[in-house]
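Here's the letter readout for the chains.
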Amino acid sequence: MKRLIKGGTLVDATGEYQQDLLIQGEHIAQRAAGIVVDDTVEVIDATGLYVMPGGIDVHTHFNIDVGIARSCDDFFSGTRAAACGGTTTIVDHMGFGPQGCSLHHQLATYHRYAEGQAAVDYGFHGVIQHIDDEILTEMAAMVSEEGISSFKLYLTYQYKLDDGDILRALSRLREVGALTTVHPENDAAIAWRRAELHRQGKTAPIYHALSRPLECEAEAIARTINLARLADNAPLYIVHLSHGLGLDYIRLAKRSGQKVWVETCPQYLLLDINHYLRADGLKYILSPPLRPHAELDKLWVGIADGSIDTVATDHCTFPYRLRQQMAQQDFSRCPNGLPGVENRMTLLFSHGVASGRISPSRFVELTSTRPAQLFGLWPQKGCLEPGADADLVLFEPQLQQTIQHQHLHDNADYSPYEGFSCQGWPVLTLCRGEIVAKQGHFTGRAGYGRFIHRRPFVEIKDKGE
Ligand code: DUC
Ligand code: ZN
Ligand code: ZN
Ligand code: ZN
């Protein structure tokens, strides 16, 4: 099957081009101005549209068991929502398995979750819940045989690692060609704050945020950066940055040549701590929590000046219904996480590109090309060159619509962005040449998505194309 995307503006991480794209089967076959084809080729008229690499969301938690609950989006509903929002690849952060389980055990579990379910392509980040010789040995085969070239460490929650284990993980993962990702929050600081709030009977949703203020995150960021330096400058990727002080530490490390990259998420760019004061404040409980409004502006500076590398969602869905049942009396009983995989692209386009903060090309860099480069997917993905997968999103830059959960495709019962008016929407999504979403509706199928063996970590410094 051949398709020609004609008359649009191609946008990649290097700029904008008046060119057409010829797709043959699953791949991009040709990229040039004025491609002429015979009538066996289906022509898609992209006049007035941006033609961009499909979105890559490198932070989701589909079907995750967080101990007190299981997130309600599985690999089908989660990737269906991704497709409708212009995202053609997700890399899911595996959750914890049984105590003492191996990396391979958890990988097999996640393959079972995703096989026959995913509607777009997918990969997994490994999860390190303890360190011993067996885990350190397994890491090499995970990278070289299983296509798992990044791993997540938690500094809080049940399986937090201590500094010695963090060092051992960073050092070994560097050796085997993997990128270490970290959820940085100081667990002891949070426990101390929470105990004091509980003693005072302070259990409303706002105290979720006040139990883990930004210093808890900033301390853990600075500590992990220094541990990565100690581990022979091990490459480090900081997930879901929520505030400015941590970004300053990251800038300092980047300036000194350290291999450190950082992700933020739409919720930290667009929602603030006052949401916890609303009657439905439980809808916004996630970690790190939403921050005071001044922090949002600091993150937008990082989006614009290049110091933030990627925008992902941390999509992790627990219905409002369930939150109310579990946590009406106490924020600390609320499962943590927000949905967002379907609206990442339109939110960043609207508040980034349409509002003049960033260029379309920077948008592509943040949502697709840098994620692909950091996580071993490039140039198969995140790229519009011949030979790449035909993963594309066609964006209508002037289209103005309001986010309403009733039109979304996840299994949640609310959207944290309900009523947000966005300018710029995905109108067609192709994953390996197949149309998986059209005008915000799902046209794909469960099981179309393919597991992607990601390459070992290599540092790509330029924009690469
Ligand atoms: N934070 C959340 O809010 N949810 C999922 C995991 C996490 O770190
Ligand atoms: Zn996290
Ligand atoms: Zn997460
Ligand atoms: Zn629909």
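None of these values were measured; they are calculated from a predicted model.

How each quantity is defined
In this convention, every chain numbers its residues from 1, walking through the sequence in written order. Whichever chain is written first is A, and whichever ligand is written first is 1; the rest continue in order. Side-chain atom pairs in this predicted model are given and counted only at pLDDT of 80 or more, local residue features only at pLDDT of at least 70, and totals for whole chains, interfaces and linings cover all residues. UniProt positions are given in the numbering used here, feature names are shortened, and annotations may be inferred rather than shown by experiment. In DSSP terms, a helix is any run of H or I states spanning at least four residues, a strand is any run of E spanning at least two, and both are numbered starting from the N terminus. Residues are defined as contacting one another if the C-beta atoms placed from their backbone atoms lie within 7 Å. Any residue whose C-beta atom, as set from the backbone, lies within 6 Å of a molecule or strand is reported as near that molecule or strand. Throughout, the ten residues Ala, Val, Leu, Ile, Met, Phe, Trp, Tyr, Cys and Pro are labelled nonpolar, Asp, Glu, Lys and Arg are labelled charged, and all others, Gly among them, are labelled polar. Annotation comment: domain bounds sourced from an automatic or database domain assignment. Here, a strand pair is defined by DSSP locating no fewer than two bridges between the strands. Inter-axis angles, ranging from 0 to 180 degrees, are taken between N-to-C directions of lines fitted to C-alpha atoms, where helices are fitted over the stretch in contact. Less than a right angle of anticlockwise turn of the near helix away from the far helix marks a crossing as left-handed, whereas a clockwise turn marks it as right-handed. Put simply, a nonpolar core is a cluster of buried Ala, Val, Leu, Ile, Met, Phe, Trp, Tyr and Cys residues tied together by C-beta atoms within 7 Å. Whether a residue is buried, exposed or partly exposed follows from its count of other C-beta atoms within 10 Å of its own C-beta, namely 20 or more, 12 or fewer, or something in between, respectively; the C-beta atoms are built from the backbone.

**With respect to the UniProt feature "modified residue: N6-carboxylysine" (unreviewed entry) in the chain**
Part 1 of the reasoning: Following the UniProt record, one finds the feature "modified residue: N6-carboxylysine" (unreviewed entry) at Lys152.
Part 2 of the reasoning: With respect to the secondary-structure elements, Lys152 resides in strand 11 (residues 150-154).
Part 3 of the reasoning: Sequence-distant contacts of Lys152, defined by excluding residues within four places in its chain, comprise His93, His125, Gly126, Val127, Ile128, Thr181 and His183.

**Concerning the site of ligand 1**
Part 1 of the reasoning: Neighbouring ligand 1 are His61, His183, Leu286, Ser287, Asp314, Cys316, Asn336 and Gly337.
Part 2 of the reasoning: Among the residues forming the shell around ligand 1, the class breakdown is 2 nonpolar, 5 polar and 1 charged.

**Structural notes on the domain arrangement of the chain**
Part 1 of the reasoning: Considered domain by domain, the chain is made up of domain 1 (2-52 + 390-399 + 419-442) and domain 2 (54-374).
Part 2 of the reasoning: Here domain 1 and domain 2 have C-alpha centroids that lie 30 Å from each other.
Part 3 of the reasoning: At the junction of the two partners, domain 1 supplies 25 residues and domain 2 supplies 24 residues.
Part 4 of the reasoning: If you list the elements that add at least two residues to the side of domain 1 that touches domain 2, you get strand 2 (9-12), strand 3 (15-18), strand 7 (50-53), strand 16 (392-402), strand 17 (421-431), strand 18 (434-438) and strand 19 (441-442).
Part 5 of the reasoning: Tallying contributions element by element places strand 17 first for the side of domain 1 that touches domain 2, with 7 residues.
Part 6 of the reasoning: Of the residues in the side of domain 1 that touches domain 2, the class split is 15 nonpolar, 7 polar and 3 charged.

**Focus: the sheet that holds strand 1 (residues 2-6)**
In any sheet, the strands associate via hydrogen bonds between backbone groups, in a parallel or an antiparallel arrangement.
Part 1 of the reasoning: Strand order in the open sheet made by the 4 strands is 5-4-1-6, with mixed pairing throughout. The strands lining the two open edges of the sheet, one partner per strand, are strand 5 (27-32) and strand 6 (42-45). Looking at each pair of strands side by side, their axes are set apart by 20° on average, direction ignored.

**Considerations on the packing of helix 12 (residues 344-354) against helix 13 (residues 360-374)**
Part 1 of the reasoning: Their axes nearest at 10 Å, the elements helix 12 and helix 13 cross at an angle of 145°. Of the two elements, helix 12 crosses helix 13, and the hand of that crossing is right-handed. Contact with helix 12, carried on its side by Arg344, Met345, Leu348, Phe349, Gly352 and Val353, involves Pro360, Phe363, Leu366 and Thr367 of helix 13 and no other residues of that element.
Part 2 of the reasoning: Split into classes, the residues belonging to the contact of helix 12 with helix 13 amount to 7 nonpolar, 2 polar and 1 charged.

**Regarding the nonpolar core**
Part 1 of the reasoning: Core analysis: the biggest nonpolar cluster contains 134 residues, and Val51, Val120 and Ile238 have the highest contact counts within it.
Part 2 of the reasoning: The element that contributes the greatest number of residues to this core is helix 7 (residues 214-230), accounting for 8 residues.
Part 3 of the reasoning: Per-domain counts for this core show at least three residues from each of domain 1 (2-52 + 390-399 + 419-442) and domain 2 (54-374).

**Brief notes about the sheet that holds strand 15 (residues 310-311)**
Part 1 of the reasoning: Reading across the sheet, the 8 strands line up as 8-9-10-11-12-13-14-15 and stay open at both edges, with parallel pairing between neighbours. In this open sheet, the two edge strands, each paired with only one partner strand, are strand 8 (55-60) and strand 15.
Part 2 of the reasoning: Two strands pair when backbone bridges link them, and strand 11 and strand 12 (residues 179-183) are joined in this way by 5 bridges, in the parallel orientation. The residue of strand 12 that forms the bridge with Ser150 is Leu179.
Part 3 of the reasoning: Helix-sheet contacts for helix 1 (residues 75-84) involve strand 8, strand 9 (87-93) and strand 10 (121-127), and the interaxial angle to strand 9 is about 140°.

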